[in-house]
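So you can see what is in the structure, the chains are spelled out below.
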Protein chains: 2
Amino acid sequence: MSAQRLGLIEPIMIGPRAKIEAIAHDRGIGLAKASFVETSEAPLEAAAAAVELCRNGKADLIMKGSLHTDALLGAVLARDGGLRTGRRTSHAFVFDLPSYPKPLLTADCVVNISPGLTDKRDITQNTIDLAHMLGIERAYVGILSAVETINPAIPGTIDATALSKMAQRGQITGAIVDGPLAIDIAISIKAARIKGVESPIAERPDILVVPNLEAGNILYKQLVYLAKAECAGIVLGTTVPIILTSRADSEKCRVASCALAVLQSRHRSPMKALA
Amino acid sequence: MSAQRLGLIEPIMIGPRAKIEAIAHDRGIGLAKASFVETSEAPLEAAAAAVELCRNGKADLIMKGSLHTDALLGAVLARDGGLRTGRRTSHAFVFDLPSYPKPLLTADCVVNISPGLTDKRDITQNTIDLAHMLGIERAYVGILSAVETINPAIPGTIDATALSKMAQRGQITGAIVDGPLAIDIAISIKAARIKGVESPIAERPDILVVPNLEAGNILYKQLVYLAKAECAGIVLGTTVPIILTSRADSEKCRVASCALAVLQSRHRSPMKALA
């Protein structure tokens, strides 16, 4: 409803109406400007209803409410009747960091557990496309691992090498991609110089791609909890943007995620019209 | 030499003496209080000399200089003539964080790439022993992963479960161990409450154990670069403490690591005398 007051969205509440209204009443939140699609309390039913609204063009984006991510993504990623595209589905955050002079995007810290190289290509391209939409014309992309040398014992270093070469060969477009990079070299030119690492990414990444979910989860939560970042998050590679907020997210984060999804949705519609 | 001036150590410089003296002269560092063990420029020779000094009781700890970690650890971990103990060798950091009210230890962010469960048991116990030495009598240990539920697709969640149970069964001692925990729940009771996770670790970990090197590298570098942490680092599970500083580390970090190694060394010697 905060995003509605800002004119960002027209909310459709999907779920058991009486229960939603009772919760809103308890919190002093007015729902006069919201419409409703009534379902049972079963999360899968609400998720399926949201996907159906998007498929019929009656909704432009989905925001996760009080149901598990798995339930929502299950409906979104269904082979029949879901919201898939040809691309691997991935998540991206956009961070506003007090200690960094521009927006910093990270992927994939939420959806893909142990992505393979082909998945990482899509994760990287999805995030580059999002950066373009945000006005970052030529994105600097750092592929993170634990070290900047190639070590077959550390699988992330091999994937990073392949992704860098893919960008050179045009299999990833619209960005300068380099890796493997440890995060200190990605964000600090001083660290890169001391270690003698030449990278076009050092101290100016627009995007950091993480090796796997466990690393990514630590990365983004540290940015929020220790580096006092504000963030917006969005699911990419689906036919409509999906906002996967976490229960512990702030209102600011949720509203920012709405803004990001709306931007993504508006950017996509003219493309569809041309197709 | 800064650590020497503080009375922490008596330095023995190991390597090509003329080159070391030339570098010190260029930087205006006096070496009058240092002794020398001359070797060639070959890193393996210097590493072997350091290990030999420790085996003969002529040195109490090793600090890495300008050679690769692999070269030093190769000599330290040699099956014959190294400094191994029955325990898996692991690394621990001690962080001083502006945003956290007590020291925070992390392991293993440096040495073990993809440790298995038995390795993780040793990593955890090594770090608990270090915490005891620092006066933390009953350490709260959080085993990190990307989520707090058990998911066979995320291997870190399974290891975390086993480590928690090992602490209950006395296979890990001297600590309260719980996992899997995502880092937000480990460091924020508010996040734990919102997500309905009951954990004795929430908001008060003394130790965070990471799932693998790629996650750990991101964790500790973010603490240093984004959360402005000061840290000391040390290798555990060897017969003498080993300081593995990184080239980009600050002087403060190097001196703090010396202090930690000296403390560890003094703590260990009386035990030896009793044995």
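On a predicted model such as this, the values are computed, not experimentally measured, just so you know.

Draft legend 1. Representation of the pattern of salt bridges. Counted under the stated rule, the structure contains 20 salt bridges over all chains. Where Arg17 of chain A meets Glu21 of chain A, a salt bridge forms, and the shortest distance between an N and an O atom there is 2.9 Å. With Arg17 of chain A and Glu21 of chain A both in helix H2 (residues 17-27) and four residues apart, this pair spans about one turn of that helix. Take Arg17 of chain A: its relative accessible area is 35%, and that puts it in the partly exposed class. Since its relative accessible area comes to 33%, Glu21 of chain A is described here as partly exposed. Here Lys252 of chain B ties to Glu230 of chain B by a salt bridge, and the two come within 3.9 Å at their closest N and O atoms. Of this pair, Lys252 of chain B sits in helix H10 (residues 251-274) while Glu230 of chain B sits in strand E9 (residues 230-236), and the two are 22 residues apart along the sequence. You can call Lys252 of chain B exposed: its relative accessible area is 56%.

Draft legend 2. A look at the relation of the copies chain A and chain B. Screw-axis analysis of chain A against chain B gives a translation of 0.0 Å along the axis, an RMSD of 0.0 Å, and a rotation angle of 180°. Expressed as a symmetry operation, the mapping of one chain copy onto the other fits a two-fold axis. Ranked by how close their C-alpha atoms come to the rotation axis, the residues of chain A are headed by Ala215 of chain A, at 2.0 Å. Both copies contact each other with a shared surface, as 100% of the interface residues of chain A are interface residues in chain B too.

Draft legend 3. Structural context of the side chain of Ser2 of chain B. All names here are of chain B. Tracing the backbone shows Ser2 in helix H1 (residues 2-5). Residue Ser2 is classed as buried on the basis of its relative accessible area of 17%. Among the polar contacts listed, one links the side chain of Ser2 to the side chain of Glu251, at a separation of 2.7 Å. The contacts of Ser2, once residues within four sequence positions are left out, are Glu251 and Val255.

Draft legend 4. View of the confidence of the model for chain A. All names here are of chain A. Of all residues in chain A, 97% attain a pLDDT of 70 or more, and the chain-wide mean is 92. Counted against residues more than four places away or in other chains, residues 270-275, with its pLDDT under 50, gives one contact. Both scores are available for the predicted complex, with the pTM at 0.87 and the ipTM at 0.81.

Draft legend 5. Spotlight on helix H3 (residues 43-55) of chain B. Residues and elements named next belong to chain B. Spanning 13 residues, H3 covers 19 Å between terminal C-alpha atoms, matching the ideal 18 Å at 1.5 Å per step. Taken as a whole, H3 has its buried residues at Ala46, Ala47, Ala49, Ala50, Val51, Leu53 and Cys54. Taken from the residues just after H3, Gly57 is the one with a positive phi, measuring 75°.

Parameters at a glance
Residues numbered from 1 in each chain as written. Chains lettered and ligands numbered in written order. Predicted model: local features only at pLDDT ≥ 70, side-chain atom pairs only at ≥ 80, totals over all residues. Heavy atoms only, no water. Salt bridge = Lys/Arg side-chain N within 4 Å of Asp/Glu carboxyl O. Helix = DSSP H or I, 4+ residues; strand = E, 2+ residues; numbered from the N terminus. Buried < 20%, exposed > 50% of the residue type's maximum accessible area, 1.4 Å probe, protein only. Least-squares fit on C-alpha atoms with pLDDT ≥ 70 in both. Contact = heavy atoms within 4.5 Å. Polar contact = N/O pair within 3.5 Å; in protein donor to acceptor, adjacent residues only side chain to side chain. pLDDT = per-residue confidence, 0-100. Expected span 1.5 Å × (residues − 1).

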